[in-house]
Amino acid sequence: MGYGGGDPTRGWVTGGTGDGGVDGTIREDALGLDEIFVQAKRYAVGNNVGDRSLRNFAGALLAKGMNKGVFVTTSAFTSSALAYVEKTPQHIVLIDGEELATLLVRYGIGVRVKSTFAIKQIDDSYFESE
């Protein structure tokens, strides 16, 4: 998506036990002037992320002195989670399962071309006589 100047070494996974509520970090630009923290939740459809998870993530950002984050889920967000993000001082972008799938296809991540189609058009000049 262009973060880190397109350099894959400017993003890393930090998730796991004791991750402090942050699953990954992305350098926002090639110079590394700012970092964006990422939280990811792999939930089944219908098991939506609530405001408590977003409060915890906002707290993790605050504890690390950061104010930018991306919260990604394979499911969706509750209305209370959406309302919380609107009023929190941190800038948190929410990506639900539907938007995640769109981004994966758009940027060619985790997908492959299954088939392609050629759309043909009549070449009128082929049928013109001299």
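Residues numbered from 1 in each chain as written. Predicted model: local features only at pLDDT ≥ 70, side-chain atom pairs only at ≥ 80, totals over all residues. Heavy atoms only, no water.

A. Focus on the nonpolar core. The biggest cluster of nonpolar side chains holds 16 residues, and the ones touching the most others in it are L54, F71, F77, I92 and L94. Every element with two or more residues in this core is listed here: α1 (51-63), α2 (79-87) and β5 (91-95). Looking at this core, the element that brings in the most residues is α1, giving 5 residues. In this structure L54 touches F71, F77, A81, Y84, V85, I92 and L94, once residues within four positions along its chain are discounted. Within the second largest apolar cluster, 6 residues are counted, among which are I36, V72, I95 and L103. (Core = buried A, V, L, I, M, F, W, Y, C linked by side-chain atoms within 4.5 Å. Buried < 20%, exposed > 50% of the residue type's maximum accessible area, 1.4 Å probe, protein only. Helix = DSSP H or I, 4+ residues; strand = E, 2+ residues; numbered from the N terminus. Contact = heavy atoms within 4.5 Å.)

B. Geometry of the packing of aromatic side chains. The final tally for this structure, using the stated rule, is 3 aromatic pairs. When the centroid spacing of 5.6 Å and the interplanar angle of 80° are considered together, the rings of F57 and F71 count as edge-to-face. On the criterion of sequence distance, the pair formed by F57 in helix α1 and F71 in strand β4 (residues 68-73) is long-range, its members being 14 residues apart. With relative accessibility at 1%, the residue F57 sits in the buried group. Centre to centre, the rings of Y126 and F127 are 5.0 Å apart; their planes meet at 85°, and the pair counts as edge-to-face. Look at Y126 and you get exposed, because its relative accessible area is 64%. By relative accessible area, F127 is classed as exposed at 61%. (Phe/Tyr/Trp six-rings, centres within 6.5 Å; stacked < 30°, edge-to-face > 60°.)

C. Highlighting the environment of G46. Relative to the assigned elements, G46 resides in the loop between β3 (35-41) and α1. For G46, a relative accessible area of 61% gives the class exposed. Taking the C-alpha atoms as reference points, G46 and T78, 32 residues apart in sequence, are found 9.9 Å from one another.

D. Looking closely at the side chain of Q39. Secondary-structure assignment places Q39 in strand β3. Take Q39: its relative accessible area is 8%, and that puts it in the buried class. Apart from the residues lying within four places of it in its own chain, the contact partners of Q39 are G21, D23, F57, V70, F71 and V72.

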